[in-house]
Amino acid sequence: MKRIVIIGGGFAGVNFARGLAGKEGYQVTLVDRNNYNFFPPLLYQVATGFLAPSNISYPFRKLFRHAKNINFCMGELQQVKAEQMKVVLSSGELPYDYLVFAQGATTNYFGMENVRQNALPMKTLSDALALRNHLLRQVEQSVFTEDAKERQKLLNVVVVGSGPTGVEVSGMLADIRKHILPKDYPDIPGIRDKVNIYLVDGLDAVLKPMSPKSQQDSFDALKSMGVEIMLGRQVKDYADDVVTFTNGESITTKTLVWAAGVTGVTFDGIPPECYGRGKRLIVNQFNKVIGMEGTYALGDCCIQTTDLAFPNGHPQMAQPGIQQGINLAKNFLAVRDNQPLKEFSYHDKGSMAIIGRNKAVVDLPGNKMHFKGFIAWFMWLFIHLISLVSRRNRITTLYNWAGAYFSRDQSLRMILRPSRE
């Protein structure tokens with residue numbers, strides 16, 4: 001039995017483990033800092049109170065309960081001892097014959113320390129809950145604030161990054177401002193006009209990786225919802241409740257949502273020359289880390305330039321990680337059976353983003369078909385629903401979505417926080 005250690009239980013790691021579940025010849029240990037898998041594309045709905053954390057998460061031990069060759073270990077990677085073929089975790093040490101990195105990426109603050117300390121990221125379930133608590137606290141505090149400037153500071157929301165996460169957060173907040181806040185906070189007259197939502201990006205378009213049609217449709221939809229879009233602005237600092245930009249402009253706010261980019265994570269024991277652009281591990285056509293024996297990398301944490309259609313590396317999205325995980329599992333089985341390996345080639349299934357109720361954009365590859373409005377919104381719901389890891393997640397999420405759609409409301413606006421860690 002060859003021992004495989006997987007670092008990270010996201011899209012790539014879980015699909016790789018699933019590909020080897022129940023297969024002879026391999027004993028797999030999945031390592032993650034959390035004891036659950038979660039669905040990152042729906043984090044913003046947890047942050048805005050439209051889904052519960054349990055709707056988009058599922059325990060690893062239950063997920064692999066029936067796979068006797070899959071183990072789970074909760075911990076964080078601290079060091080790789082490549083010569084000894086073992087990893088040092090926060091919870092202990094694990095030996096391996098093959099090591100697979102699938103830990104994803106982390107938030108990139110571009111060296112701005114004040115932004116790192118004060119902004120609210122959107123990468124983990126903990127981040128989503130922290131953002132939900134923060135947003136609700138600001139509105140509650142504004143009820144008792146008599147100073148107009150202080151109240152405006154509490155009610156201003158700045159979202160940096162106009163990719164799918166930034167667009168989806170801004171659109172959801174605009175819907176909440178219109179349909180929920182006036183009912184929940186009648187003691188703040190005209191609260192709809194007092195809440196300002198700013199979507200900021202240094203580029204010249206929202207959803208820059210998508211088609212020009214999707215960019216324009218998203219821009220128009222957000223503007224119609226009352227989101228103030230500020231393009232061509234780069235954040236310089238965020239201190240003392242003031243977001244300052246490189247052009248000298250500024251916005252006072254207590255809420256800066258950071259969705260501006262990601263970067264890789266480096267680990268002790270991995271040579272610096274193994275990392276490429278964005279601190280991503282450099283891999284060959286079989287996802288093997290160049291320069292390290294028995295070591296592979298999948299998804300956001302790797303950069304692969306052997307795919308002719310993506311010479312600069314694959315986009316850091318769910319589908320490349322899923323497909324790489326599935327392909328690598330097949331290659332491990334091919335090695336076991338003395339069969340030839342298959343080079344990885346990414347099959348682009350398109351991209352999509354939801355903006356609000358009955359508002360979304362979808363770009364399909366090949367003939368470059370573009371959809372918007374209700375049909376795109378329905379496609380987005382369907383794809384994200386079937387992508388959830390378990391049937392329970394799909395049923396509970398569909399139930400919550402149906403209730404929110406018909407009532408234009410939801411009942412998850414609770415500030416939940418532990419009394420202590």
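For the structure, see preceding data.
Small disclaimer: the values here were computed from a predicted structure and weren't measured.

A.B. asks: Which residues make up the overall build of the protein chain, and what values do they have?
C.D. replies: The helix and strand inventory of the protein chain stands at 13 helices and 25 strands. A compact globule built from 421 residues should have a C-alpha radius of gyration of about 22 Å, and the protein chain, at 22 Å, falls within 12% of that. When the backbone C-alpha atoms are referred to their principal axes, the protein chain occupies close to 70 × 50 × 45 Å. Counting across all 421 residues of the protein chain, residues that qualify as buried make up 51%. When contacts within the protein chain are restricted to residue pairs at least 6 apart in sequence, long-range pairs at least 24 apart make up 62% of them. Surface summary for the protein chain: the accessible area is close to 20,200 Å², and the carbon and sulfur share equals 53%. With 48 positive and 37 negative side-chain charges, the protein chain shows a spacing of 7 Å between the two charge centroids.

A.B. asks: Please give an account of the pairing of strand β24 (residues 359-363) that cites residues and values.
C.D. replies: In terms of residue burial, β24 counts as a mostly covered element, since 4 of its 5 residues are buried. With 5 bridges connecting them, strand β23 (residues 351-356) and β24 associate as antiparallel partners. If you follow Met 352 over to β24, its bridge partner there is Val 362. Count of turn residues in the β23/β24 antiparallel hairpin: 2 residues, of which Asn 358 carries a positive phi of about 65°. Two elements, β24 and strand β25 (residues 370-372), share 3 bridges in a ladder whose sense is antiparallel.

A.B. asks: How would you explain the pattern of salt bridges if you had to name every residue and give the values?
C.D. replies: Once the charged atoms of two side chains with opposite charge are near each other, the side chains can pair. Taken as a whole and judged by the stated rule, the model has 15 salt bridges. With a shortest N-O distance of 3.3 Å, Lys 86 and Glu 93 are connected by a salt bridge. The partner of Arg 233 in a salt bridge is Glu 249, and the shortest N-O contact between them spans 3.1 Å. With Arg 233 in the loop between β14 (228-231) and β15 (235-239) and Glu 249 in the loop between β16 (242-245) and β17 (250-252), the pair connects residues that are 16 residues apart, well separated along the chain. The class for Arg 233 is partly exposed, based on a relative accessible area of 24%. In this structure Glu 249 comes out as partly exposed when scored by relative accessible area, which is 31%.

A.B. asks: Mind laying out a nonpolar patch on the surface, listing which residues take part and the relevant values?
C.D. replies: Together, Phe 374, Phe 378, Phe 382, Ile 383 and Ile 386 make up an exposed nonpolar region whose accessible area comes to about 500 Å². Along the chain, Phe 378 turns up in helix α12 (residues 373-387).

A.B. asks: Can you explain the sheet that holds strand β11 (residues 120-121)? Please cite residues and give values.
C.D. replies: Spatially, the 5 strands line up as an open sheet ordered β11-β18-β12-β13-β14, and their pairing is parallel. Two strands in the sheet have a free side with no partner beyond their single neighbour: β11 and β14. Pairing analysis gives 4 bridges linking strand β13 (residues 196-201) to β14, with the strands arranged parallel. Bridge pairing links Val 200 to Met 230 in β14. With respect to the sheet, helix α6 (residues 148-155) is in contact with β12 (156-160) and β13, its orientation differing from that of β12 by roughly 35°.

A.B. asks: Please provide a residue-by-residue account of the side chain of Thr 145, values included.
C.D. replies: If you trace the backbone, Thr 145 turns up in the loop between α5 (125-143) and α6. Setting aside its immediate chain neighbours within four residues, Thr 145 contacts Glu 150, Arg 151 and Leu 154.

A.B. asks: Can you break down the sheet that holds strand β7 (residues 86-89) residue by residue, with the values?
C.D. replies: Strands sit in the order β6-β7-β8 across an open sheet of 3 strands; the sheet is antiparallel. A single partner strand is all that each edge strand has here, and the edge strands are β6 (77-81) and β8 (92-95). Strand-to-strand, the axes of this sheet are offset by a mean angle of 20°, without reference to chain direction. The pairing of β7 with β8 spans 4 bridges and is classified as antiparallel. In the sheet register, Val 87 faces β8, and the bridge partner there is Leu 94.

A.B. asks: Got a sec to walk through the nonpolar core? Specific residues and values, please.
C.D. replies: Leu 42, Ile 56, Met 122 and Trp 380 are the most contacted members of the largest nonpolar core, which totals 61 residues. Residues contacting Trp 380, with those up to four places away along its chain left out, are Leu 42, Tyr 44, Gln 45, Glu 168, Met 352, Ala 353, Ile 354 and Trp 401. Tyr 26, Val 28, Phe 60 and Leu 328 belong to the second largest nonpolar core, which has 27 residues in total.

The rules behind each value
Residues numbered from 1 in each chain as written. Predicted model: local features only at pLDDT ≥ 70, side-chain atom pairs only at ≥ 80, totals over all residues. Heavy atoms only, no water. Helix = DSSP H or I, 4+ residues; strand = E, 2+ residues; numbered from the N terminus. Rg over C-alpha atoms; globule rule 2.2 N^0.38 Å. Buried < 20%, exposed > 50% of the residue type's maximum accessible area, 1.4 Å probe, protein only. Contact = heavy atoms within 4.5 Å. Areas by Shrake-Rupley, 256 points an atom, 1.4 Å probe, with all protein chains shown as cover. Lys, Arg positive; Asp, Glu negative; His and termini not counted. Charge placed at Lys NZ, Arg CZ, Asp CG, Glu CD. Pairing = 2+ DSSP bridges. Salt bridge = Lys/Arg side-chain N within 4 Å of Asp/Glu carboxyl O. Patch = residues over 30% accessible without salt bridge, like charges linked within 9 Å, V, L, I, M, F, W, Y side chains within 5 Å. Axes fitted to C-alpha atoms, helices over the stretch in contact; angles between N-to-C directions. Core = buried A, V, L, I, M, F, W, Y, C linked by side-chain atoms within 4.5 Å.

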